[in-house]
Amino acid sequence: GETLADLASAKIIHPLTAAMFRLRGKEGSLVPLKLFKHQQDALAVASAGRSYVVTTGTGSGKSLAFFIPIVDRIIKAKLQDRTPRTRAIIVYPMNALANSQAEEIGKFLQNLEGEGAGLTIARYTGQESASERAAIAQDPPDILLTNFVMLELILTRFEEVDRKVVEHCKGLEFLVMDELHTYRGRQGAD
């Protein structure tokens, strides 16, 4: 695939998307991220507003196949309407994966410091304190990272904080299931 800088030059993605998804090179300089073909294909499908499934080996960049299109759409949308709301929910099978992905995307977010993109990401997995949950309900993130159990709880509970989190998802543009698994027994029923 091409680099994100090339795609920004061709006006396929927003320049801030390319600025965010850069990697640390030698001597700590930031270098443009070069996409794999499946990532560039996913970006094209997502840009057309279509659903897709990515299946590829561990460590081959599946997460970027959904994060890049999500971030690009959010950056473009926020130029039109800065109303705070959750535009994407990413559902993980385990908190450990949600935690590691929050850390990983946080590294990329640091590349935008001072750029004015205002992109926000929050974790809502049940590990958060009451004050953290209240903050998410009060000021919705653009991207919400959660797990399937917590997603079911916030959709079925009647706690005011959870209702606000769900209300902020009106007009949701992306629902991502990261890592689909087959379970049996009690866990399968959940």
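In this report, we go over the structure that sits alongside the text. (Residues numbered from 1 in each chain as written. Predicted model: local features only at pLDDT ≥ 70, side-chain atom pairs only at ≥ 80, totals over all residues. Heavy atoms only, no water.)

With the rule as written, the count across this model stands at 14 salt bridges. In this structure, the salt-bridge partner of Lys-78 is Asp-142, at a minimum N-O distance of 2.9 Å. Highlighted residues: Lys-78 in helix α4 (residues 62-80) and Asp-142 in the loop between α6 (130-138) and β5 (143-147), separated in sequence by 64 residues. In this structure Asp-142 comes out as buried when scored by relative accessible area, which is 2%. Here Glu-160 ties to Lys-164 by a salt bridge, and the two come within 3.8 Å at their closest N and O atoms. Here the residue Glu-160 and the residue Lys-164 both occupy positions in helix α8 (residues 160-167), the gap between them amounting to four residues, near one helical turn. Since its relative accessible area comes to 29%, Lys-164 is described here as partly exposed. The structure contains a network of salt bridges with shared partners spanning Arg-73, Lys-78, Arg-85, Arg-87, Asp-142 and Glu-173. (Salt bridge = Lys/Arg side-chain N within 4 Å of Asp/Glu carboxyl O. Helix = DSSP H or I, 4+ residues; strand = E, 2+ residues; numbered from the N terminus. Buried < 20%, exposed > 50% of the residue type's maximum accessible area, 1.4 Å probe, protein only.)

So, on to the environment of Ile-74. Inspection of the secondary structure assignment puts Ile-74 in helix α4. In this structure Ile-74 comes out as buried when scored by relative accessible area, which is 1%. On a C-alpha basis, the gap between Ile-74 and Lys-170 in space is 14 Å, while along the polypeptide they are 96 residues apart. Apart from the residues within four sequence positions on either side, Ile-74 is in contact with Arg-87, Leu-119, Asp-142 and Ile-143. (Contact = heavy atoms within 4.5 Å.)

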